[in-house]
Amino acid sequence: MTDIFGIPIQVILGQLLLGLVNGSFYAMLSLGLAVIFGLLGVVNFAHGAFYMLGAYATWVLLDVFGLGYWWALLLSPLAIGLIGIILERLFLRHLYKVDPLYGLLLTFGLSLIAEGVLREVFGSSGQTYPVPELLQGTMDVGFMNLPIYRVWVIVSSLTICFFTWYLIERTRLGATLRAATENPKLVQAFGINVPIIVMFTYAGGVALAALAGVLSAPVIQVSPLMGSSLVIVVFAVVVIGGMGSIMGSILSGVGLGIIEGFTKVLYPEASNIVVFLIMAIVLCWRPAGLFGKE
Amino acid sequence: MQISRTNIFYIVLLLLALLAPWVGVYPIFLMTIICYAIFACAFNLMLGYSGMLSFVHAAYFGVSSYVTAWLLTANAWSTPGALLVGALASTVLGLLIGLIAIRRSGIYFAMITLALAQLVYFVCLQAPFMGGENGIQGVPRGDLFGLISLTDDLSMYYFVVVVFVLIFLFIQRIVHSPFGQILKAIRENEPRAESLGYFADHQKLLVFVLSSTLAGLAGSLKTLVLGFATLSDVLQSTSGEVILMTMLGGAGTFFGPVLGSAIVVALQNLLSDRVGSWVTVIIGAIFVICVMAFRRGIVGEWLAYQDRKRSA
């Protein structure tokens, strides 16, 4: 048996895997947050609520409609994205010209509403969701047994993150999007409907959060409170990475997940706060964040 | 001597507050409102007069209430000492958090304070003397210098009213002082204030710490009134409540936070037994309505209406 600092290597690898799973969720959520902030100038406090709604939609699809995981992977982000479109049209659209603090406060209020309603409808206790049949079990990679579902979460969410990065940084559509971030009036003058782009960007960011919710449903308890604590960690991740950079938010999301996993092995008491401590250190050293430009 | 209409309003309100327990208003309820009013007024120094949205104020409120409760129960301190040390604890915390948070402004500042508040919450959850999920129960009120016993609700009530009036006047003094004017200048145009020779970060840190002291004092008083300190005081939702109280009443007005806290506390008392989780939904809905329809808050809109009437 190999030990590192007296801790069996299997335990370390197990926590590393868990850390990677959490890191993938952080990456997906902070990515959406960064994209929305870039174009709308709104810090979407409701991001955690959308993540939670995505997980609940998954659970409801199975429990009420009998539609399984693969359907949920498609339908949940669509449904939540649609909610995002409605909220953007009804509320957020009117706040682009005022202080960005109002956008934060509005989405804070919206997330309270979502949390309260779900707690009333489904109760405070968590629901469990089965791992889909295709992804059950473990695979033996020699030194440890990897749970297949966790590997699936990491691979699929990193693929989605990379795809989003590619879409924004390397395609024509992404170029339009970035141009609209820089100078919406000019882009509008070229005959591009900027308000529609803004609306779909919000829906897209929200759908990413919902997708993270679907992926997380089989590994955590689906509960009304699952989003509100996560969104604060994701805020810290975004502050550490620097809000402007898409790759930065992906890298810092995954990296912080891994660090959190290691902390759980070495000093479990600090695992809840390690991300916030790192944020404080980064702020003292590089106030703009690791990848941000002042 | 000319007494302005605002001052007449305040005097009438104070008389009503002094009379209220005699006409059958429950003193604990009033004291809760006043404690939250102090809390919201302290918060208003940040949001209203300096334009900084902080999500960390629950940490001050909660931590100082814990410190006061701990000193009174486990260490049998005197009441004034426990109150002051409680406020001192939140001052130190405010200084530490302020030094980190003021490195960014605007929306980043809000996010950083939120993350640091979560840090404080987890520390409180695990700190051994804070009693974990249960908090600290059975805090004695004690007396003031051996002269006035606070065990009686009525004497406690008048003590709370006196503290509130002093803090309210103190905040007015600060806002109207040169320091208050500099804060306003920084809020409106930070680079310009800097170019006039004011070191914005120092001024912002100063108001941040001042606000944390007063918020802490509010928390300590609340512990004394209700006799316990709980984890929920440190929670992010408490920061949300104080933001709502300030916004609903009117950020940047003197009376707004007081009115806001009266409305929110009354609403919570009225509804919590009857509707359960819907309280959260209603609070969220008020947030949405405030942001969408009246960003100046009730008092702010009233003042704006008066202005329009005068100029018309």
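Residues numbered from 1 in each chain as written. Chains lettered and ligands numbered in written order. Predicted model: local features only at pLDDT ≥ 70, side-chain atom pairs only at ≥ 80, totals over all residues.

1. Quick notes on the overall build of chain A
Right, on to step 1. Scanning chain A for helices and strands turns up eleven helices and four strands.
Right, on to step 2. Taken over the C-alpha trace, chain A has a radius of gyration of 19 Å; the compact-globule value for 294 residues is 19 Å, and the two agree within 12%.
Right, on to step 3. Each principal axis of the C-alpha distribution contributes one length, and for chain A these read about 65 × 50 × 35 Å.
Right, on to step 4. Classification of the 294 residues of chain A by burial places 49% in the buried group.
Right, on to step 5. Sequence separation of 24 or more characterises 76% of the internal contacts of chain A that already satisfy a separation of 6 or more. (Helix = DSSP H or I, 4+ residues; strand = E, 2+ residues; numbered from the N terminus. Rg over C-alpha atoms; globule rule 2.2 N^0.38 Å. Buried ≥ 20, exposed ≤ 12 C-beta atoms within 10 Å, placed from the backbone. Contact = placed C-beta atoms within 7 Å.)

2. A few points about the overall build of chain B
Right, on to step 1. Each helix and strand counted, chain B has 13 helices and two strands in total.
Right, on to step 2. Taking 2.2 N^0.38 as the reference for a compact globule, 312 residues should give roughly 20 Å; the C-alpha atoms of chain B span a radius of gyration of 19 Å, in line with that estimate.
Right, on to step 3. Each of the three principal axes of chain B carries a C-alpha extent, and together these read 55 × 45 × 45 Å.
Right, on to step 4. Expressed as a percentage of its 312 residues, the buried residues of chain B come to 46%.

3. A word on the packing of helix H11 (residues 256–275) of chain B against helix H12 (residues 278–292) of chain B
All names here are of chain B.
Right, on to step 1. The geometry of H11 relative to H12 is characterised by a closest axis approach of 8 Å and an angle of 135° between their N-to-C directions. With respect to H12, the axis of H11 lies oblique. Across the interface between the two elements, Gln268, Leu271, Ser272 and Val275 of H11 pack against Trp278, Val279 and Ile282 of H12.
Right, on to step 2. The residue makeup of the contact of H11 with H12, split by class, is five nonpolar, two polar and no charged. (Axes fitted to C-alpha atoms, helices over the stretch in contact; angles between N-to-C directions. Parallel < 35°, antiparallel > 145°, perpendicular 65-115°, else oblique. Nonpolar A, V, L, I, M, F, W, Y, C, P; charged D, E, K, R; others polar.)

4. Here's the deal with the packing of helix H9 (residues 226–241) of chain A against helix H11 (residues 274–285) of chain A
Residue and element names in this part refer to chain A.
Right, on to step 1. Closest axis-to-axis distance for the H9/H11 pair is 9 Å, and the angle between their directions is 30°. In terms of their interaxial angle, H9 and H11 are classed as roughly parallel. For H9 against H11, the interelement crossing comes out left-handed. The residues of H11 that touch H9, namely those facing Val233, Ala236, Val237, Val239 and Ile240, are Val275, Phe276, Ile278, Met279 and Val282. (Left-handed = near helix turned anticlockwise from the far one by under 90°.)

5. Brief notes about the nonpolar core
Right, on to step 1. Formed by 189 residues in total, the largest nonpolar core has its most connected members in Ala210 and Ala236 of chain A together with Ile38, Phe39 and Ala115 of chain B.
Right, on to step 2. Counting residues per element, this core draws most heavily on helix H2 (residues 27–50) of chain B, which supplies 17 residues. (Core = buried A, V, L, I, M, F, W, Y, C linked by C-beta atoms within 7 Å.)

6. As for the confidence of the model for chain B
Right, on to step 1. Put simply, chain B has an average pLDDT of 89, and 99% of its residues get 70 or more.
Right, on to step 2. With pTM at 0.91, the complex prediction returns an ipTM value of 0.89. (pLDDT = per-residue confidence, 0-100.)

7. Structural notes on the interface of chain A and chain B
Right, on to step 1. Listed as interface residues are 32 residues of chain A and, on the opposing side, 32 residues of chain B.
Right, on to step 2. It is helix H4 (residues 100–122) of chain A that contributes the most residues to the side of chain A that touches chain B, 16 residues altogether.
Right, on to step 3. When the residues that make up the side of chain A that touches chain B are grouped by side-chain class, the tally is 24 nonpolar, four polar and four charged.

8. Brief notes about H11 of chain A
Right, on to step 1. End to end, H11 of chain A covers 17 Å across twelve residues, agreeing with the expected 16 Å (1.5 Å per residue, within 8%).
Right, on to step 2. Those residues of H11 of chain A that fall on the buried side of the exposure criterion are Val275, Phe276, Ile278, Met279, Ala280 and Leu283 of chain A.
Right, on to step 3. Contacts from the buried residues of H11 of chain A go to H9 and helix H10 (246–266) of chain A together with helix H4 (79–101) and helix H5 (106–126) of chain B. (Expected span 1.5 Å × (residues − 1).)

9. Some remarks on helix H6 (residues 172–182) of chain A
Residue and element names in this part refer to chain A.
Right, on to step 1. Turning to H6, its buried residues are Leu177, Ala180 and Thr181. Looking straight down H6, one finds its buried side chains confined to an arc of 105°; they lie on one side. Away from its buried face by more than 90 degrees, H6 exposes Arg172, Ala175 and Glu182.
Right, on to step 2. The secondary structure elements touched by the buried residues of H6 are helix H1 (9–40), helix H5 (148–170), helix H7 (184–189) and helix H8 (194–216). (Arc of directions from axis to C-beta.)

10. Looking at unusual backbone geometry
Among all residues save glycine, negative phi is the norm, and among peptide bonds the norm is trans.
Residues and elements named next belong to chain B.
Right, on to step 1. Backbone geometry at Ala76 places phi at a positive 50°, although glycine is not the residue there.
Right, on to step 2. Within the element layout of this structure, Ala76 appears in the loop between helix H3 (57–73) and H4.
Right, on to step 3. Residue Ala76 is classed as exposed on the basis of its 10 C-beta neighbours within 10 Å.

11. Some details on the environment of Val43 of chain A
Right, on to step 1. With respect to the secondary-structure elements, Val43 of chain A resides in the loop between H1 and helix H2 (47–63).
Right, on to step 2. The sequence separation of Val43 of chain A and Gln10 of chain A amounts to 33 residues, and the corresponding C-alpha distance is 39 Å.
Right, on to step 3. Val43 of chain A has contacts with Phe37, Pro100, Gly103 and Leu104 of chain A together with Ile107 and Met111 of chain B, leaving out every residue within four places of it along the chain.

12. As for the environment of Gly242 of chain A
Residues and elements named next belong to chain A.
Right, on to step 1. Following the sequence through the fold, Gly242 ends up in the loop between H9 and H10.
Right, on to step 2. A count of 21 C-beta atoms within 10 Å places Gly242 in the buried class.
Right, on to step 3. A C-alpha to C-alpha distance of 28 Å links Gly242 and Arg150, two positions 92 residues apart in sequence.
Right, on to step 4. Those residues in contact with Gly242, other than ones at most four positions away along the chain, are Gly248, Ala288, Gly289, Leu290, Phe291 and Gly292.

13. Side note on the environment of Gly48 of chain A
All names here are of chain A.
Right, on to step 1. The residue Gly48 is located in helix H2 in this model.
Right, on to step 2. Sequence-wise, Gly48 and Val234 are 186 residues apart; in three dimensions their C-alpha atoms are separated by 8.7 Å.
Right, on to step 3. The residues touching Gly48, leaving out its near neighbours within four places in the chain, are Ser111, Gly227, Ser228, Leu230 and Val231.

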